Amino acid sequence: MNPYIPEIGKPVPRADGAAKAAGAEKYAVDHYGENLLWAGVRRAGVAHGRIRCVDTAAALQISGVIAVLTGRDVPGTNRQGIVHKDQPVLADEKVRHRGDAVALVVAEDRATLKKALSLIRVEIDPLPGVFTVDDALRPDAPLVHDEHPQGNILLKATIQAGGAQAALEGCDIFIEETFHVPAISHAFIETENGVAWQEEDGKIVLVVSTQAPFRDKWEISHALGLPMDRLRIIGPYLGGAFGGKDGATVQCLLVLAALHTGGRRVKMWWDREESFVAGYKRHAVRLQYRLGARSDGTLQALHCRLYYDTGAYAHLGGEVMALGMEHAGGPYRIPDTLIEGWCIYTNNPIAGAMRGFGVAQVSFAFEGMMDLLAGKLGIDPLELRLKNALRRGDRNTAGVTMTQSTGVLDCLAAVQNHPRWQERKAWKKAAGPFRRRGVGIAAVFNAMGYGRGLPDSALAKVELTKEGRIRIYSGVSDMGQGNATAFVQIAGQILCQEHTAIELVQPDTERTLPSGSAAASRTTYTYGNALIRACEELRRRLTGRTALILLSDTLDDLELLPGRVKNLMSGREIPLTALAAMMTPEDRVCISQFIMPVVRDKLDTGKEFVIGFPHLLFSYAAHLVCIEVDELTGAINVEAYLAATEAGRVLNPQAFEQQVHGAIAQGIGYALSEEVLMQEGRIVNPDFATYIIPGALDIPEMVSLAVETYEPTGPYGMKGVGEVGMNGPLPAIAGALADACGVHMTRSPLTAERVLAALSTPPPP
Amino acid sequence: MGVSPLRGNDKTEYLPCGEEEHRVTSPSKGEARRGRGFYDGWYYSGLIMKLYFTLNGKKTTLDVAPDRRVIDVLREDCGLTGTKEGCGAGECGACTILVDGESRLSCLMLAAQLAGRQITTIEGMAGKDRPHPLQDAFIQHGAVQCGFCTPGMILSASALLSRNPRPTRADIRAGLSGNLCRCTGYQKIVDAVEAAVRREEESA
């Protein structure tokens, strides 16, 4: 391809596209090395119990086994975790879910590793387990964490604005419903993995599939008692993550292994089943809603109780719930709200971050309530949403004033004006025999950034290399969302260089600077803002130093052009290679920090949240889905999908659409087929034959409309778009099902079996 | 020959298929020489097989335990890490390779099944100085996000086009239905395959 300047606003192909399509990109999993050792984990296999003994003698006797380690061998605190450090690297006294690691083996090859793992004798005295939030909340419930002061309640929190209880009683109309969403799996294709080794100076290098290399360093240091400067984390492009690699997976285990290999490289790569068993999940949630409105459809009051099953360890459970609670009322004006949340420890697999972080769950409930209300009032569901949609200047249901771009109304209007909506009645009528058609809509939103209590910061670094090229040192991972390409566009735009002259360094704690996790739809926003400032400084330096060479007494005539700086008046040029040769290494590097702005309201609620509440910036979307239901089987076929998305300005239409499409596809899986099925904490569908993620035949043709606004705090006016699309499909499809068949499903996924059962249940009298 | 680079598996046009022999020695030999001999258990029984096959247009000889998985042989012995593993059970398609031009799952194949075959991995798709038209279309049409499914997707698309040179969008979806992608929602992948077909037709 001919070189081009990767400008802002253009559908620039991915910076990483060519290497990935060639099979040349090295993901963490593609790192092996000479004389490689393999590490693996023996897992508890018991959901709750006290460890009596872990006998490693037989395993150690096999030749080819380098080390067998248990909880006793872990230096440091042996506790990992992001906010609460409650998860052992290797279980020491208790096991709290079946996937708990009880022993770590390092061996010469995988066959030896497998054999040694099977020879470890693990004796665990089983304890009664808790597998539902109701069980966990009983007064006599067994405790998952004996020492946790609130028993099995990791976090109980309240968000209150106005007086919801009293207001509900005064409403013209009042509806009540309970919704259930299951745990689901991220199902990234590259499972959790990494490779680690100790260098001669004692430093441990870890190449790992991670969303948060800098936080990993801190987490490993804490758990293993290693000084931070002994750790170097390298985070290549990820083969998908979606939240599931935000926090320690293989990190502490691999660094611990590397302490025992005498400098040899050691690799750990979870297989699909292990990824299901030990990896993080999206929280299962029970959502109890009470909504009151005036007879004209104006929303008045909301009371909800949300119960998040966070599994055996805290991970980001409290923060996931906080975000869910902040979004529990939808993108609407409701003056009186009371939102209560319980984040509950159970002996289920660990729940944590996943795209739409707590929000995908509540979206099902608040949009389900809107459809129920519309039905009850006989109001068009789109009209009801338009009537109540948040506008800039309103307070949202957490009591935060919407001071920034707030485009949900525009999204709804875009759906309303689209032929799919305008012509829906005719389309529905054309259903064939034994088929019913329905059209559903959903209005959703998703906050950006970490929220209050934690600086959402990035440190951008950009260099004019000795060779006269531009090198961006990205400290924030690209798990596929495309932030790296946005960084190339920013540098290309400001420095006017061709894409072939711009290099990217992916996160490496020794080459790049701390820029937070690849999470919260924040990567392009936060790092991008920092990078703009760094690139502008570099541009000033490049023209400024050129002025010295060309003896220009003003910078006004100096312009950066591909590969050179030119004096537009005299026509004289200095190649960047010459400029680089003249500048000192220090002078060729620019660094800038950006911290995301925060909410100005002083809220007297949500005090239980240490971090992550409330948020200033939101992206919005309105989704429309057309489905066809097979009356004989209950199967739902998604026929067409439309998403109108407001995420500020679009920096790259192709990348924007990629995020929207991908989120819709994951959302369709969430709506129709995905559910981690558990029996007493054991996952019964830990593979892609039984845990069904959508394939190419399951996803319809999608139309993505960008409803652009300008977000003044964003880089070139953008906001993050990675998550918001995840929140629409489940409620939209449930709404379409109600439209098609008159059944309001409150338990997802909407499998054929469930739909058929609902269709054959006579409506209550 | 007139073999379409989209359809054919004949790489003679742009992969010099060789006079020079491409020899891969499995790591087990080195291990064995050092007296260790750990090789997924096979060194002990002495079952090392010499395989002759064509890999990305190059004649290749490989000393390998015949029951090792092809994906491991490709990635570890041959260094061809473009072939990805996503499930190890034939469910996700990430490990798709071409065996005599047909798509096969390398996580379900054993090394002995390589013998005498023409094997194409993602590394063998590109021409000398330019990507394969499918690779180019994937890049241009936004079909690559995290990219982990991409190699398998491209090889499956290539096998599809050799069976059906003018597929409809529905045909493309069906042809790629064995390859899971968690990032893209598939639409841009279908766009890319369509674009490659169009380009092929225009240049024909």
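Not measured: the values here are computed from a predicted model. (Residues numbered from 1 in each chain as written. Chains lettered and ligands numbered in written order. Predicted model: local features only at pLDDT ≥ 70, side-chain atom pairs only at ≥ 80, totals over all residues. Heavy atoms only, no water.)

**Q** Please clarify how the overall build of chain B should be interpreted in this entry.
**A** Scanning chain B for helices and strands turns up 7 helices and 6 strands. Ordered by position from the N terminus, the helices and strands of chain B form the series β-α-α-β-β-α-β-β-β-α-α-α-α. Counting over 204 residues, chain B shows a buried share of 58%. Considering only residue pairs separated by 6 or more positions, chain B has 59% of its internal contacts joining residues 24 or more positions apart. Only carbon and sulfur atoms are counted for the fraction: they give 49% of the accessible area of chain B, which is about 7900 Å². (Helix = DSSP H or I, 4+ residues; strand = E, 2+ residues; numbered from the N terminus. Buried < 20%, exposed > 50% of the residue type's maximum accessible area, 1.4 Å probe, protein only. Contact = heavy atoms within 4.5 Å. Areas by Shrake-Rupley, 256 points an atom, 1.4 Å probe, with all protein chains shown as cover.)

**Q** I'm lost on the packing of aromatic side chains in this one. Help?
**A** How two aromatic rings sit relative to each other is set out by the distance from centre to centre and by the angle between their planes. Residue and element names in this part refer to chain A. One pass over the structure, following the stated rule, counts 15 aromatic pairs over all chains. Both rings, one in Phe 487 and one in Tyr 527, keep their centres 4.4 Å apart while their planes meet at 40°; by these two values the pair is tilted. With a gap of 40 residues between them, Phe 487 in helix H15 (residues 483-495) and Tyr 527 in helix H16 (residues 523-550) connect regions that are remote in the sequence. There is no split in this pair, since Phe 487 and Tyr 527 are both buried. Geometrically, the ring pair formed by Phe 609 and Phe 613 is tilted, given 5.2 Å between the ring centres and 55° between the ring planes. Taken together, the ring pairs connect Tyr 332, Phe 366, Phe 445, Phe 618 and Tyr 620 into an aromatic cluster. Across from the ring centre of Trp 270, 4.8 Å away, lies the NZ or CZ of Arg 43, which sits over that ring. Taking NZ or CZ as reference, Arg 265 lies 3.7 Å from the ring centre of Trp 197, over its face. (Phe/Tyr/Trp six-rings, centres within 6.5 Å; stacked < 30°, edge-to-face > 60°. Lys NZ or Arg CZ within 6 Å of the ring centre and 35° of its normal.)

**Q** Mind showing me how you'd approach the interface of chain A and chain B here?
**A** Where the parts come together, the accessible area they lose is often given as the size of the interface. With 63 residues of chain A at the contact, the number on the chain B side is 51 residues. Between chain A and chain B, roughly 4400 Å² of surface is buried when both sides are summed, and carbon and sulfur atoms account for 53% of that area. Scanning the region where chain A abuts chain B turns up 8 salt bridges. A:Asp30 serves as the salt-bridge partner of B:Lys84, at 2.4 Å between the closest nitrogen and oxygen. Inspection of the region where chain A meets chain B yields 32 residue pairs in polar contact (both at pLDDT 80 or more). Residue assignment for the side of chain A that touches chain B shows that the elements contributing at least two residues are helix H1 (17-21), helix H3 (110-119) and helix H18 (653-672) of chain A. Counting residues per element, the side of chain A that touches chain B draws most heavily on H18(A), at 8 residues. Among the residues forming the side of chain A that touches chain B, the class breakdown is 28 nonpolar, 19 polar and 16 charged. (Buried area = accessible area lost by both parts, 1.4 Å probe. Salt bridge = Lys/Arg side-chain N within 4 Å of Asp/Glu carboxyl O. Polar contact = N/O pair within 3.5 Å; in protein donor to acceptor, adjacent residues only side chain to side chain. Nonpolar A, V, L, I, M, F, W, Y, C, P; charged D, E, K, R; others polar.)

**Q** Just to check I follow, could you spell out empty space enclosed by the protein for this structure?
**A** Any space left empty among the atoms is revealed by the rolling of a water-sized probe across them. Residues and elements named next belong to chain A. Using the criterion set out here, one finds 8 cavities of 30 Å³ or more in the structure. Within this model, the largest cavity holds a volume of roughly 150 Å³. Lining the largest cavity are 19 residues, with Arg 43, Gln 80, Gln 87, Thr 249 and Trp 270 positioned closest to its centre. Looking at the second largest cavity, its volume works out to about 80 Å³. Secondary-structure elements contributing two or more residues to the lining of the second largest cavity are helix H10 (359-377) and helix H19 (729-741). Here the lining of the second largest cavity takes 5 residues from H10, the largest share from any one element. (1 Å grid on protein atoms, 1.4 Å probe; cavity = no way out; pocket = protein on both sides within 12 Å on 5 of 7 lines; lining within 4 Å. Points joined across faces, edges and corners; volume = space filled by probe spheres on them.)

**Q** Would you explain the sheet that holds strand S29 (residues 636-646) of chain A in this entry?
**A** The strands making up a sheet associate through backbone hydrogen bonding, with each pair oriented either parallel or antiparallel. Residue and element names in this part refer to chain A. The strand order across the open sheet formed by 4 strands is S20-S28-S29-S32, and the pairing between neighbours is mixed. Each of the sheet's edge strands pairs with one partner strand only, and the pair in question is strand S20 (435-447) and strand S32 (702-706). Strand after strand, the sheet turns through a mean of 15° between neighbouring axes, direction not considered. Examined bridge by bridge, S29 and S32 share 5 bridges and lie parallel to one another. Directly across from Ala 644, in S32, lies its bridge partner Leu 705. The strands that H19 touches are S20, strand S28 (618-630) and S29; relative to S20, the one it contacts most, it runs at about 150°. (Pairing = 2+ DSSP bridges. Axes fitted to C-alpha atoms, helices over the stretch in contact; angles between N-to-C directions.)

**Q** Before we go on, may I ask you to explain the pattern of salt bridges in this structure?
**A** Side chains that differ in sign of charge can pair as their charged atoms come close. Scanning all chains against the criterion turns up 64 salt bridges over all chains. As a salt-bridge pair, A:Arg79 and A:Asp92 come within 3.1 Å of each other at their nearest N and O atoms. You can see A:Arg79 sitting in strand S4 (residues 79-80) and its partner A:Asp92 sitting in the loop between strand S5 (87-88) and strand S6 (94-95), a full 13 residues away along the chain. On the basis of relative accessibility, which here comes to 32%, the residue A:Asp92 falls in the partly exposed class. The partner of A:Glu701 in a salt bridge is B:Arg169, and the shortest N-O contact between them spans 2.9 Å. On the criterion of chain membership, the pair formed by A:Glu701 in the loop between strand S31 (682-683) and S32 and B:Arg169 in helix H6 (residues 169-175) is interchain, its members lying in two chains. A:Glu701 sits in the partly exposed class, given a relative accessible area of 32%. Each of A:Arg110, B:Arg68, B:Arg69, B:Asp72, B:Glu76, B:Asp77 and B:Glu85 takes part in a single network of salt bridges with overlapping partners.

**Q** Before we go on, may I ask you to explain the packing of helix H6 (residues 213-224) of chain A against helix H7 (residues 251-258) of chain A in this structure?
**A** When two helices pack together, their arrangement is given by the angle between the helix axes and the distance between those axes. Residues and elements named next belong to chain A. Axis separation between H6 and H7 bottoms out at 9 Å; the angle between their running directions is 60°. On the basis of the axis angle, H6 is oblique to H7. Here the hand of the crossing between H6 and H7 comes out right-handed. Where H6 abuts H7, its residues Asp 216, Glu 219, Ile 220, Ala 223 and Leu 224 lie against Gln 251, Cys 252, Val 255 and Leu 256. Looking at the contact of H6 with H7 residue by residue, the classes come out as 6 nonpolar, 1 polar and 2 charged. (Parallel < 35°, antiparallel > 145°, perpendicular 65-115°, else oblique. Left-handed = near helix turned anticlockwise from the far one by under 90°.)

**Q** Quick question: what am I supposed to make of the pairing of strand S2 (residues 49-55) of chain A here?
**A** Residue and element names in this part refer to chain A. Pairing geometry for S2 and S6, over 2 bridges, is antiparallel. Note that in S6 the partner of Arg 50 across the bridge is Lys 94. Bridge count for S2 against strand S8 (residues 121-126) is 6 bridges, and the pairing is antiparallel. Across the sheet, Val 54 pairs through a bridge with Val 122, a residue of S8.

**Q** Teacher, can you tell me more about the packing of helix H4 (residues 133-140) of chain B against helix H7 (residues 187-203) of chain B here?
**A** All names here are of chain B. Where H4 contacts H7, the two axes come as close as 8 Å, and the packing angle between them is 135°. Taken as axis vectors, H4 and H7 run oblique relative to one another. Between H4 and H7 lies a crossing of right-handed hand. Contacts between H4 and H7 pair Pro 133, Leu 134, Asp 136, Ala 137 and Phe 138 from the former with Ile 189, Ala 192, Val 193, Ala 195, Ala 196 and Arg 199 from the latter. In terms of residue class, the contact of H4 with H7 is made up of 9 nonpolar, no polar and 2 charged.

**Q** Got a minute to help me understand a nonpolar patch on the surface in this structure?
**A** A cluster of nonpolar side chains, namely A:Leu548, A:Ile549 and A:Met582, defines an oily patch on the protein surface of about 270 Å² accessible area. With respect to the secondary-structure elements, A:Met582 resides in helix H17 (residues 576-582). (Patch = residues over 30% accessible without salt bridge, like charges linked within 9 Å, V, L, I, M, F, W, Y side chains within 5 Å.)

**Q** Even after reading the chapter, I still don't get the nonpolar core, so can you show me in this structure?
**A** A general trend in soluble globular proteins is that nonpolar side chains are found buried together. Ranked by internal contacts, the top residues of the largest apolar core, which has 248 residues, are A:Tyr289, A:Leu306, A:Val462, A:Ile733, A:Leu737 and B:Phe138. Every residue in contact with A:Val462, bar those within four places of it in the chain, is listed here: A:Ile470, A:Arg471, A:Ile472, A:Leu495, A:Leu531, A:Ala534, A:Cys535, A:Leu538, A:Arg588, A:Val589 and A:Cys590. With 33 residues, the next largest nonpolar core counts A:Val74, A:Val106, A:Ile204 and A:Ala257 among its residues. (Core = buried A, V, L, I, M, F, W, Y, C linked by side-chain atoms within 4.5 Å.)

**Q** In this structure, what is going on with the sheet that holds strand S17 (residues 284-293) of chain A? I would like to understand it.
**A** Residue and element names in this part refer to chain A. Within the open sheet, the 5 strands sit side by side as S9-S19-S18-S17-S10. Their pairing is mixed. Edge positions in the open sheet fall to strand S9 (153-161) and strand S10 (173-181), since each of these has one partner strand only. Across the sheet, the mean angle from the axis of one strand to that of its neighbour is 5°, orientation sign disregarded. Here S17 runs beside strand S18 (residues 299-311); their pairing, made up of 10 bridges, is antiparallel. Note on S18: the bridge partner recorded for Ala 284 is Asp 309. Along the sheet, helix H9 (residues 317-326) makes contact with S9, S18 and strand S19 (336-345), crossing S9 at roughly 20°. Running at roughly 145° to S10, H10 makes contact with S10, S17 and S18 of the sheet.

**Q** How should I be thinking about H10(A) in this particular structure?
**A** Spacing of three or four residues puts side chains on the same side of an α-helix, whose turn is 3.6 residues. Residue and element names in this part refer to chain A. Taking 1.5 Å per residue as the helical rise, H10 with its 19 residues ought to reach 27 Å, and the 26 Å between its terminal C-alpha atoms agrees with that figure. Of all 19 residues in H10, 16 are buried; the element is thus mostly enclosed. Count one or two residues on from H10 and you reach Gly 378, which has phi positive near 65°. (Expected span 1.5 Å × (residues − 1).)

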